[in-house]
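The residues making up each chain are set out below.
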Amino acid sequence: MKQKLIFAAALLMLCTPLLTACAGKNKPDDPASVGVSDGNAQSGKDPAAGVNVKEDPADLKEAQKTLEKFFDACKRHRNDAVMGFSNVERIPEFSAVSGVNLSAEESQNAIQSAIDTYSNLDDYKIETGSLNKAAIGTYAGYLAEAKEIGGFLRENGDGAIADAADKLFTPIEKIYSFPVTVTRYDASNSDKMYVIQTAEGEWRVDLGLLQAMVDYMSVSKVKNANGEAKRAAEAVKSAASGNKELNGEYHFDGDQLVSADGKTELSAAAKQFAEKLKAAYDFGSDRKTAHLYLRFEKGELKAAAVQKDFQEIPYYGTWPEAVEEHYMYYFASIDDAMLYAAGEYENAAPF
(Lines give C-alpha, C1' and ligand atoms only; values in the text may rest on other atoms or scores of the structure.)
Protein backbone atom coordinates (compact mmCIF):
# COMPACT_ATOMS: atom_id res chain seq x y z
CA MET A 1 0.00 0.00 0.00
CA LYS A 2 2.76 2.43 0.94
CA GLN A 3 4.57 1.77 -2.33
CA LYS A 4 1.38 2.44 -4.29
CA LEU A 5 0.77 5.72 -2.50
CA ILE A 6 4.35 6.82 -3.10
CA PHE A 7 3.91 5.99 -6.78
CA ALA A 8 0.64 7.92 -6.90
CA ALA A 9 2.37 10.95 -5.44
CA ALA A 10 5.19 10.65 -7.97
CA LEU A 11 2.68 10.28 -10.77
CA LEU A 12 0.93 13.42 -9.64
CA MET A 13 4.19 15.34 -9.85
CA LEU A 14 4.70 13.92 -13.34
CA CYS A 15 1.28 15.04 -14.48
CA THR A 16 1.56 18.63 -13.23
CA PRO A 17 4.61 20.16 -14.93
CA LEU A 18 3.28 23.72 -14.87
CA LEU A 19 2.70 24.01 -11.18
CA THR A 20 5.52 21.81 -9.90
CA ALA A 21 8.18 22.19 -12.59
CA CYS A 22 9.04 18.54 -11.97
CA ALA A 23 7.94 16.93 -15.21
CA GLY A 24 9.23 17.11 -18.74
CA LYS A 25 12.90 16.75 -17.82
CA ASN A 26 14.56 14.34 -20.22
CA LYS A 27 17.33 11.91 -19.50
CA PRO A 28 20.68 12.52 -21.23
CA ASP A 29 20.18 11.81 -24.93
CA ASP A 30 16.85 10.26 -24.06
CA PRO A 31 15.50 8.65 -27.24
CA ALA A 32 12.03 8.85 -25.81
CA SER A 33 11.49 12.60 -25.76
CA VAL A 34 7.96 13.34 -26.89
CA GLY A 35 7.25 16.81 -28.15
CA VAL A 36 10.87 17.96 -28.28
CA SER A 37 12.21 19.10 -31.64
CA ASP A 38 15.32 16.95 -31.37
CA GLY A 39 13.56 13.98 -29.78
CA ASN A 40 15.12 11.56 -32.29
CA ALA A 41 18.48 13.27 -32.49
CA GLN A 42 20.37 10.04 -31.87
CA SER A 43 19.05 8.42 -35.02
CA GLY A 44 19.60 11.43 -37.25
CA LYS A 45 16.02 11.08 -38.50
CA ASP A 46 13.30 13.66 -38.68
CA PRO A 47 10.92 12.60 -35.88
CA ALA A 48 8.03 13.82 -38.04
CA ALA A 49 9.01 11.68 -41.03
CA GLY A 50 5.99 9.94 -42.48
CA VAL A 51 3.53 12.17 -40.66
CA ASN A 52 1.25 13.77 -43.24
CA VAL A 53 -0.84 15.84 -40.85
CA LYS A 54 -1.08 19.47 -41.89
CA GLU A 55 -1.55 22.58 -39.78
CA ASP A 56 -5.22 23.60 -39.76
CA PRO A 57 -6.21 27.05 -38.40
CA ALA A 58 -9.61 25.69 -37.37
CA ASP A 59 -7.99 22.84 -35.43
CA LEU A 60 -5.52 25.21 -33.77
CA LYS A 61 -8.42 27.41 -32.68
CA GLU A 62 -10.35 24.43 -31.34
CA ALA A 63 -7.31 23.11 -29.46
CA GLN A 64 -6.64 26.50 -27.86
CA LYS A 65 -10.31 26.87 -26.94
CA THR A 66 -10.14 23.47 -25.20
CA LEU A 67 -7.08 24.57 -23.22
CA GLU A 68 -8.75 27.86 -22.25
CA LYS A 69 -11.87 26.05 -21.08
CA PHE A 70 -9.70 23.69 -19.06
CA PHE A 71 -7.96 26.52 -17.22
CA ASP A 72 -11.19 28.47 -16.75
CA ALA A 73 -12.66 25.37 -15.13
CA CYS A 74 -9.57 25.09 -12.94
CA LYS A 75 -9.91 28.71 -11.78
CA ARG A 76 -13.59 28.17 -10.94
CA HIS A 77 -12.84 24.82 -9.23
CA ARG A 78 -15.32 23.01 -11.46
CA ASN A 79 -14.03 19.47 -11.18
CA ASP A 80 -16.52 18.03 -13.66
CA ALA A 81 -15.42 20.52 -16.32
CA VAL A 82 -11.72 19.94 -15.59
CA MET A 83 -12.31 16.25 -16.25
CA GLY A 84 -14.42 16.99 -19.31
CA PHE A 85 -11.70 19.00 -21.02
CA SER A 86 -8.73 16.77 -20.09
CA ASN A 87 -7.78 13.13 -19.70
CA VAL A 88 -7.08 13.41 -15.96
CA GLU A 89 -9.50 10.55 -15.27
CA ARG A 90 -7.02 8.21 -16.98
CA ILE A 91 -4.34 8.65 -14.32
CA PRO A 92 -5.04 5.12 -12.98
CA GLU A 93 -4.34 3.78 -16.48
CA PHE A 94 -1.10 5.79 -16.66
CA SER A 95 -0.01 4.00 -13.49
CA ALA A 96 -1.13 0.57 -14.72
CA VAL A 97 1.28 0.63 -17.68
CA SER A 98 4.06 1.15 -15.13
CA GLY A 99 3.01 -1.98 -13.30
CA VAL A 100 1.14 -0.33 -10.42
CA ASN A 101 -2.60 -0.96 -10.16
CA LEU A 102 -4.26 1.58 -7.90
CA SER A 103 -7.32 0.67 -5.87
CA ALA A 104 -10.55 2.55 -6.53
CA GLU A 105 -9.86 4.79 -3.53
CA GLU A 106 -6.25 5.43 -4.53
CA SER A 107 -7.32 6.18 -8.08
CA GLN A 108 -9.89 8.71 -6.96
CA ASN A 109 -7.38 10.34 -4.61
CA ALA A 110 -4.77 10.61 -7.38
CA ILE A 111 -7.29 12.16 -9.79
CA GLN A 112 -8.55 14.62 -7.19
CA SER A 113 -5.01 15.56 -6.19
CA ALA A 114 -4.14 16.33 -9.80
CA ILE A 115 -7.28 18.44 -10.21
CA ASP A 116 -6.58 20.29 -6.96
CA THR A 117 -3.02 21.02 -8.02
CA TYR A 118 -4.03 22.45 -11.38
CA SER A 119 -6.86 24.41 -9.78
CA ASN A 120 -4.44 26.09 -7.40
CA LEU A 121 -3.75 29.06 -9.70
CA ASP A 122 -4.54 32.76 -9.85
CA ASP A 123 -4.14 33.41 -13.55
CA TYR A 124 -2.84 31.91 -16.79
CA LYS A 125 -1.62 33.04 -20.18
CA ILE A 126 -1.61 30.89 -23.31
CA GLU A 127 0.79 31.80 -26.12
CA THR A 128 0.22 30.96 -29.78
CA GLY A 129 0.34 27.21 -30.30
CA SER A 130 1.32 25.02 -33.22
CA LEU A 131 0.89 21.53 -34.62
CA ASN A 132 3.59 19.39 -33.02
CA LYS A 133 4.65 16.99 -35.77
CA ALA A 134 7.59 15.75 -33.72
CA ALA A 135 5.25 14.57 -30.98
CA ILE A 136 2.83 13.04 -33.49
CA GLY A 137 5.65 11.21 -35.23
CA THR A 138 7.18 9.94 -32.02
CA TYR A 139 3.87 8.72 -30.66
CA ALA A 140 2.95 7.05 -33.97
CA GLY A 141 6.34 5.34 -34.10
CA TYR A 142 5.96 4.01 -30.59
CA LEU A 143 2.41 2.86 -31.30
CA ALA A 144 3.71 0.87 -34.28
CA GLU A 145 6.26 -0.84 -32.00
CA ALA A 146 3.81 -1.45 -29.18
CA LYS A 147 2.63 -4.86 -30.46
CA GLU A 148 6.19 -6.20 -30.57
CA ILE A 149 6.99 -4.75 -27.16
CA GLY A 150 3.77 -6.17 -25.74
CA GLY A 151 4.66 -9.60 -27.09
CA PHE A 152 8.00 -9.49 -25.31
CA LEU A 153 6.40 -8.41 -22.03
CA ARG A 154 3.91 -11.24 -22.20
CA GLU A 155 6.69 -13.75 -22.87
CA ASN A 156 8.42 -12.53 -19.73
CA GLY A 157 5.47 -12.51 -17.36
CA ASP A 158 4.40 -8.87 -17.70
CA GLY A 159 1.15 -9.58 -19.51
CA ALA A 160 -0.91 -7.33 -17.23
CA ILE A 161 1.24 -4.34 -18.15
CA ALA A 162 0.99 -5.17 -21.85
CA ASP A 163 -2.79 -5.52 -21.58
CA ALA A 164 -3.01 -2.13 -19.87
CA ALA A 165 -0.90 -0.60 -22.64
CA ASP A 166 -3.12 -2.13 -25.34
CA LYS A 167 -6.11 -0.46 -23.71
CA LEU A 168 -4.46 2.91 -23.05
CA PHE A 169 -2.42 3.60 -26.16
CA THR A 170 -4.65 4.18 -29.16
CA PRO A 171 -4.15 6.32 -32.28
CA ILE A 172 -3.99 10.10 -31.88
CA GLU A 173 -4.93 12.23 -34.85
CA LYS A 174 -3.27 15.52 -33.91
CA ILE A 175 -1.20 17.07 -31.14
CA TYR A 176 -0.99 20.82 -30.64
CA SER A 177 1.45 22.32 -28.16
CA PHE A 178 1.10 25.66 -26.40
CA PRO A 179 3.52 27.66 -24.26
CA VAL A 180 1.59 28.44 -21.07
CA THR A 181 2.44 30.66 -18.12
CA VAL A 182 0.63 30.01 -14.85
CA THR A 183 0.67 32.46 -11.94
CA ARG A 184 -0.03 31.61 -8.34
CA TYR A 185 0.94 33.43 -5.17
CA ASP A 186 2.53 36.17 -7.33
CA ALA A 187 4.96 33.64 -8.80
CA SER A 188 4.89 32.63 -12.48
CA ASN A 189 5.98 29.39 -14.07
CA SER A 190 6.10 28.65 -17.81
CA ASP A 191 5.97 25.31 -19.55
CA LYS A 192 4.55 23.59 -22.61
CA MET A 193 1.19 21.86 -22.58
CA TYR A 194 -0.33 19.51 -25.13
CA VAL A 195 -3.85 19.26 -26.49
CA ILE A 196 -4.56 16.03 -28.34
CA GLN A 197 -7.27 14.99 -30.76
CA THR A 198 -8.35 11.40 -30.39
CA ALA A 199 -9.26 9.11 -33.26
CA GLU A 200 -12.89 9.87 -32.41
CA GLY A 201 -12.28 13.57 -33.02
CA GLU A 202 -12.44 14.66 -29.37
CA TRP A 203 -10.06 17.33 -28.06
CA ARG A 204 -8.45 16.84 -24.63
CA VAL A 205 -5.75 18.57 -22.63
CA ASP A 206 -3.16 15.86 -22.05
CA LEU A 207 -2.17 15.43 -18.40
CA GLY A 208 0.07 12.41 -18.83
CA LEU A 209 -0.74 10.19 -21.81
CA LEU A 210 2.26 11.23 -23.90
CA GLN A 211 4.62 10.90 -20.94
CA ALA A 212 3.09 7.53 -20.03
CA MET A 213 3.81 6.30 -23.57
CA VAL A 214 7.39 7.56 -23.34
CA ASP A 215 7.97 5.86 -20.00
CA TYR A 216 6.28 2.60 -21.02
CA MET A 217 8.27 2.22 -24.22
CA SER A 218 11.54 3.27 -22.64
CA VAL A 219 11.29 0.94 -19.66
CA SER A 220 10.00 -1.91 -21.82
CA LYS A 221 12.88 -1.60 -24.29
CA VAL A 222 15.42 -1.74 -21.47
CA LYS A 223 13.63 -4.80 -20.11
CA ASN A 224 13.78 -6.26 -23.61
CA ALA A 225 17.52 -5.67 -23.85
CA ASN A 226 18.11 -7.15 -20.40
CA GLY A 227 16.04 -10.18 -21.37
CA GLU A 228 18.15 -10.59 -24.49
CA ALA A 229 21.35 -10.36 -22.43
CA LYS A 230 20.08 -13.16 -20.17
CA ARG A 231 19.05 -15.26 -23.16
CA ALA A 232 22.42 -14.72 -24.84
CA ALA A 233 24.30 -15.59 -21.64
CA GLU A 234 22.55 -18.95 -21.38
CA ALA A 235 23.43 -19.75 -25.00
CA VAL A 236 27.03 -18.62 -24.48
CA LYS A 237 27.50 -20.75 -21.38
CA SER A 238 26.24 -23.78 -23.26
CA ALA A 239 28.44 -23.13 -26.30
CA ALA A 240 31.51 -22.48 -24.12
CA SER A 241 31.03 -25.53 -21.90
CA GLY A 242 34.32 -27.34 -21.40
CA ASN A 243 36.29 -24.74 -23.36
CA LYS A 244 38.80 -23.59 -20.74
CA GLU A 245 40.88 -21.64 -23.25
CA LEU A 246 38.42 -18.78 -23.51
CA ASN A 247 39.93 -15.82 -21.69
CA GLY A 248 39.44 -12.09 -21.89
CA GLU A 249 36.87 -10.17 -23.89
CA TYR A 250 35.21 -10.85 -27.22
CA HIS A 251 32.77 -8.97 -29.42
CA PHE A 252 30.14 -10.27 -31.77
CA ASP A 253 29.39 -7.63 -34.36
CA GLY A 254 26.40 -9.28 -35.95
CA ASP A 255 27.41 -12.94 -36.02
CA GLN A 256 31.14 -12.29 -36.51
CA LEU A 257 33.35 -12.88 -33.46
CA VAL A 258 36.35 -10.58 -32.97
CA SER A 259 38.71 -9.97 -30.09
CA ALA A 260 38.01 -7.01 -27.81
CA ASP A 261 40.67 -4.90 -29.48
CA GLY A 262 39.57 -5.99 -32.94
CA LYS A 263 43.16 -6.84 -33.86
CA THR A 264 44.27 -9.91 -31.93
CA GLU A 265 43.85 -13.06 -33.99
CA LEU A 266 41.29 -15.47 -32.61
CA SER A 267 42.50 -18.76 -31.19
CA ALA A 268 41.22 -22.07 -32.48
CA ALA A 269 39.23 -22.43 -29.26
CA ALA A 270 37.54 -19.05 -29.79
CA LYS A 271 36.66 -19.91 -33.38
CA GLN A 272 35.20 -23.23 -32.26
CA PHE A 273 33.14 -21.44 -29.61
CA ALA A 274 31.87 -18.92 -32.18
CA GLU A 275 30.60 -21.66 -34.47
CA LYS A 276 28.81 -23.41 -31.61
CA LEU A 277 27.20 -20.17 -30.47
CA LYS A 278 26.04 -19.25 -33.97
CA ALA A 279 24.27 -22.61 -34.12
CA ALA A 280 22.60 -22.06 -30.73
CA TYR A 281 21.86 -18.33 -30.74
CA ASP A 282 19.76 -16.43 -33.25
CA PHE A 283 21.68 -13.39 -34.43
CA GLY A 284 18.88 -12.64 -36.88
CA SER A 285 17.83 -9.08 -37.58
CA ASP A 286 14.34 -9.74 -36.24
CA ARG A 287 15.75 -9.65 -32.71
CA LYS A 288 17.54 -6.34 -33.40
CA THR A 289 20.70 -7.51 -31.64
CA ALA A 290 23.46 -5.36 -33.10
CA HIS A 291 26.31 -6.28 -30.73
CA LEU A 292 27.14 -8.91 -28.15
CA TYR A 293 30.07 -8.30 -25.78
CA LEU A 294 31.42 -11.12 -23.59
CA ARG A 295 34.01 -11.45 -20.84
CA PHE A 296 35.51 -14.85 -19.98
CA GLU A 297 37.83 -16.12 -17.29
CA LYS A 298 39.29 -19.59 -17.86
CA GLY A 299 36.30 -20.63 -19.91
CA GLU A 300 33.70 -19.24 -17.51
CA LEU A 301 31.43 -16.45 -18.67
CA LYS A 302 31.73 -13.59 -16.17
CA ALA A 303 29.74 -10.82 -17.85
CA ALA A 304 27.72 -10.14 -20.97
CA ALA A 305 26.29 -7.01 -22.57
CA VAL A 306 24.06 -6.64 -25.60
CA GLN A 307 23.08 -3.71 -27.78
CA LYS A 308 19.64 -3.75 -29.36
CA ASP A 309 18.61 -1.08 -31.82
CA PHE A 310 15.06 0.25 -31.94
CA GLN A 311 14.54 2.67 -34.84
CA GLU A 312 18.35 2.92 -35.00
CA ILE A 313 18.54 4.02 -31.37
CA PRO A 314 20.72 1.79 -29.15
CA TYR A 315 19.46 0.22 -25.93
CA TYR A 316 21.74 -1.88 -23.73
CA GLY A 317 21.11 -4.95 -21.61
CA THR A 318 23.49 -6.59 -19.15
CA TRP A 319 24.12 -9.89 -17.37
CA PRO A 320 24.48 -11.15 -14.62
CA GLU A 321 23.07 -7.92 -13.19
CA ALA A 322 20.30 -6.37 -15.27
CA VAL A 323 20.90 -2.68 -15.79
CA GLU A 324 18.29 -0.24 -14.56
CA GLU A 325 16.83 2.17 -17.05
CA HIS A 326 18.22 5.20 -15.21
CA TYR A 327 21.81 4.00 -15.55
CA MET A 328 21.46 2.89 -19.16
CA TYR A 329 20.85 6.45 -20.32
CA TYR A 330 24.33 7.43 -19.18
CA PHE A 331 26.04 4.72 -21.23
CA ALA A 332 28.10 6.18 -24.07
CA SER A 333 28.47 2.78 -25.75
CA ILE A 334 28.33 -0.95 -25.18
CA ASP A 335 31.72 -0.60 -23.45
CA ASP A 336 29.97 1.12 -20.54
CA ALA A 337 27.35 -1.64 -20.55
CA MET A 338 30.10 -4.23 -20.17
CA LEU A 339 31.60 -2.32 -17.25
CA TYR A 340 28.18 -2.31 -15.61
CA ALA A 341 27.75 -6.04 -16.24
CA ALA A 342 31.13 -6.69 -14.67
CA GLY A 343 30.40 -4.49 -11.64
CA GLU A 344 33.01 -1.93 -12.65
CA TYR A 345 30.86 0.93 -13.92
CA GLU A 346 31.24 4.27 -12.18
CA ASN A 347 27.98 6.18 -12.20
CA ALA A 348 28.23 9.10 -14.60
CA ALA A 349 25.06 10.74 -13.25
CA PRO A 350 25.74 14.24 -11.94
CA PHE A 351 23.51 13.56 -8.91
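As a reminder, the structure under discussion sits directly above these lines.
Residues numbered from 1 in each chain as written. Predicted model: local features only at pLDDT ≥ 70, side-chain atom pairs only at ≥ 80, totals over all residues. Heavy atoms only, no water.

(A) Molecular detail of the overall build of the protein. Counting its secondary structure elements, the protein contains 12 helices and 10 strands. The long-range share in the protein, meaning contacts at least 24 apart out of those at least 6 apart in sequence, stands at 68%. Element-wise, carbon and sulfur atoms account for 48% of the exposed surface of the protein, whose accessible area totals about 16,900 Å². (Helix = DSSP H or I, 4+ residues; strand = E, 2+ residues; numbered from the N terminus. Contact = heavy atoms within 4.5 Å. Areas by Shrake-Rupley, 256 points an atom, 1.4 Å probe, with all protein chains shown as cover.)

(B) Spatial organisation of the packing of aromatic side chains. Evaluated as defined, the whole model comprises 14 aromatic pairs. Each ring, one from Phe-70 and one from Phe-71, has its centre 5.2 Å from the other, and the planes form 70°; the classification is edge-to-face. The same class applies to Phe-70 and to Phe-71, which are both buried. Through successive ring pairs, a cluster of aromatic residues spans Tyr-316, Tyr-327, Phe-331, Tyr-340 and Tyr-345. (Phe/Tyr/Trp six-rings, centres within 6.5 Å; stacked < 30°, edge-to-face > 60°. Buried < 20%, exposed > 50% of the residue type's maximum accessible area, 1.4 Å probe, protein only.)

(C) Geometry of the sheet that holds strand β8 (residues 289-297). Pairing in this open sheet of 5 strands is antiparallel, and the strands run β7-β6-β8-β9-β10 from one edge to the other. The outermost strands of the open sheet, each flanked by one partner alone, are β7 (256-259) and β10 (313-319). Neighbouring strand axes in the sheet, compared pairwise and without regard to direction, differ in orientation by 20° on average. Pairing of strand β6 (residues 248-253) with β7, which is carried by 4 bridges, proceeds in the antiparallel orientation. Each bridged residue has a counterpart across the sheet, and for Tyr-250 the counterpart in β7 is Ser-259. Together, β8, β9 (300-310) and β10 form the strand contacts of helix α9 (residues 209-239), whose direction differs from that of β10 by roughly 50°. (Pairing = 2+ DSSP bridges. Axes fitted to C-alpha atoms, helices over the stretch in contact; angles between N-to-C directions.)

(D) Expanded view of the nonpolar core. Counting residues in each nonpolar core, the largest one holds 79 residues, and the members touching the most others are Leu-67, Phe-70, Phe-71, Phe-169, Phe-178, Met-193 and Tyr-216. With 9 residues, the single largest contributor to this core is α9. One finds Ala-229, Ala-235, Phe-273 and Ala-274 within the second-largest nonpolar core, a separate group that totals 25 residues. (Core = buried A, V, L, I, M, F, W, Y, C linked by side-chain atoms within 4.5 Å.)

(E) Representation of the pattern of salt bridges in the model. If you walk through the whole model with that rule in mind, you get 17 salt bridges. Across the pair Lys-125 and Glu-127 runs a salt bridge whose closest N-O atoms are separated by 3.7 Å. Note that Glu-228 and Lys-308 form a salt bridge whose closest N and O atoms lie 3.9 Å from each other. One end of the pair, Glu-228, is in helix α9; the other, Lys-308, is in strand β9, with 80 residues separating them in the sequence. (Salt bridge = Lys/Arg side-chain N within 4 Å of Asp/Glu carboxyl O.)

(F) Up close: the packing of helix α8 (residues 159-168) against α9. Running from N to C, α8 and α9 point in directions that differ by 145°, and their axes come no closer than 12 Å. Like other packed secondary-structure pairs, α8 and α9 cross with a definite hand, here left-handed. Residues Ile-161, Ala-162, Ala-165 and Leu-168 of α8 form the contact with α9, whose participating residues are Leu-209, Ala-212, Tyr-216 and Lys-223. Residues belonging to the contact of α8 with α9 are distributed by class as follows: 7 nonpolar, no polar and 1 charged. (Left-handed = near helix turned anticlockwise from the far one by under 90°. Nonpolar A, V, L, I, M, F, W, Y, C, P; charged D, E, K, R; others polar.)

(G) View of the side chain of His-251. Assignment of secondary structure puts His-251 in strand β6. The residues touching His-251, leaving out its near neighbours within four places in the chain, are Gln-256, Leu-257, Val-258, Ser-259, Ala-260, Leu-292, Tyr-293, Ile-334 and Asp-335.

(H) Here's a closer look at the environment of Met-193. Within the element layout of this structure, Met-193 appears in strand β4 (residues 187-198). What makes Met-193 buried here is its relative accessible area of 2%. For the pair Met-193 and Phe-178, spaced 15 residues apart in sequence, the C-alpha to C-alpha distance is 5.4 Å.

(I) Examining the pairing of β6 more closely. One ladder, built from 6 bridges, connects β6 with β8; its direction is antiparallel. By the bridge assignment, Phe-252 is partnered in β8 with Leu-292. In sequence, β6 turns back onto β7 through a hairpin of 2 residues, with Gly-254 there showing a positive phi of about 70°.

(J) Representation of the pairing of strand β5 (residues 203-206) in the model. Here β4 pairs with β5 via 4 bridges, running antiparallel. Paired with Ile-196 across the bridge in β5 is Arg-204. Hairpin connection of β4 to β5: 4 residues between the antiparallel strands, including Gly-201 at a positive phi of 90°.

(K) Up close: helix α10 (residues 268-280). Along its 13 residues, α10 runs 19 Å from first to last C-alpha, staying within 8% of the 18 Å computed at 1.5 Å per residue. Considered for burial, the residues of α10 that qualify are Ala-269, Ala-270, Phe-273, Ala-274 and Leu-277. In an axial view of α10, the angular spread of the buried residues amounts to 135°, which keeps them on one side of the axis. Opposite the buried face of α10, by more than 90 degrees, sit the exposed residues Ala-268 and Ala-279. (Expected span 1.5 Å × (residues − 1). Arc of directions from axis to C-beta.)

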